[in-house]
Amino acid sequence: MKLLILAAGSGTRLGDLTEFIPKSLVEINNKTILERQMNIFQKFQKNNVIVIAGPNKDKFSKFNVEIFEDLEYNKHEQLGSLISINRYFDEDVIVIFSDIIFDEKIFQDIINIKCDIGIALDKNWKKNYTNRTEHPISQADLVKIKNNRIIEIKKNLEDEDTSEFIGILKFSSIGWKTLIDTCRELQNNNQQFHSAKSFQKAFITDIIQEFIDSNRDVKPIFVEGSWLEIDTLQDLNIAKKKLKD
């Protein structure tokens, strides 16, 4: 199993904390976000980790990870950073956003699922937005499901029965090849791409919607457990209070 951590973003919403270090190396109670993720991986003996890095990539050198440099991190968005690695893998691939913290139960739920393309979802997501005024519900990536199939993923879904995409995806080797090949076909598309102005400005939710519209099966992986996103200074303070170690 290959673990890819998307860490090329600049993390500007954390202010001075990320001026010289990547967001994933911000400390929460004396332990970085990356270390918290790695501690979960090691419980499952999953040490095959690649960090897709942008600015300050050298800061990852002391960790037991392979570092892949996204040389054009400032030209594209999240999806462009993911596919900049531009290689096939002959094993399952789990993609993890660098700013999320999750417990062992969630990771176990994800690795146990068999699918070509799957995304981790939280049905009980609204509780995570209590007192989270700097990152309101309007910024949540929401998913609508019908007959156990994902039919839409975007922000501001009006349907009451929604789940939130928590920032973890799973691909089989076939699913990963589908991702790379599809993105190669679309890379010169300068028209609006789902919720993005163009493919170059697309997020991962946009390619997921592309798969859905193309009738490719995207499996909902419903997880139960605790997880946090560290996007703002307010999120950081909330996490410091919630995390015991």
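Up top is the structure these notes are about.
As the structure is a prediction and not an experimental result, all values here were calculated from the model.

### Comments concerning the environment of Arg36
Relative to the assigned elements, Arg36 resides in helix H1 (residues 33–43). The class of Arg36 is buried, set by a relative accessible area of 8%. In the structure, Arg36 is positioned 65 residues away from Ile101 in sequence and 6.9 Å away in space, judged by C-alpha atoms. Among all residues touching Arg36, those that are not within four sequence positions of it are Ile28, Asn29, Lys31, Ile101, Leu243 and Asp245.

### Remarks on the environment of Asp159
Inspection of the secondary structure puts Asp159 in the loop between strand E10 (149–154) and strand E11 (162–171). For the pair Asp159 and Ile101, spaced 58 residues apart in sequence, the C-alpha to C-alpha distance is 27 Å.

### As for the nonpolar core
Most often, soluble globular proteins keep nonpolar side chains buried together rather than apart. Formed by 67 residues in total, the largest nonpolar core has its most connected members in Phe102, Phe107, Ile119, Ile168, Trp176 and Ile208. One finds Val26, Ile33, Leu228 and Ala239 within the second-largest nonpolar core, a separate group that totals 10 residues.

### Digging into the state of the cysteines
Within this structure, the stated rule accounts for 0 disulfides. No disulfide involves Cys183; its nearest neighbouring cysteine sulfur is the one of Cys115, lying 17 Å away. Residue Cys183 is classed as buried on the basis of its relative accessible area, which comes to 2%.

### Concerning helix H4 (residues 173–186)
When the terminal C-alpha atoms of H4 are compared, their 20 Å separation across 14 residues agrees well with the 20 Å that a helix rising 1.5 Å per residue should span. Among the residues of H4, Gly175, Trp176, Thr178, Leu179, Ile180, Thr182, Cys183 and Leu186 are the ones counted as buried. Those residues of H4 that are buried lie in contact with strand E1 (2–7), helix H2 (78–83), strand E6 (93–97), strand E8 (117–122), E11 and helix H5 (204–213).

Reading the values: rules and limits
Residues numbered from 1 in each chain as written. Predicted model: local features only at pLDDT ≥ 70, side-chain atom pairs only at ≥ 80, totals over all residues. Heavy atoms only, no water. Helix = DSSP H or I, 4+ residues; strand = E, 2+ residues; numbered from the N terminus. Buried < 20%, exposed > 50% of the residue type's maximum accessible area, 1.4 Å probe, protein only. Contact = heavy atoms within 4.5 Å. Core = buried A, V, L, I, M, F, W, Y, C linked by side-chain atoms within 4.5 Å. Disulfide = S-S within 2.5 Å. Expected span 1.5 Å × (residues − 1).

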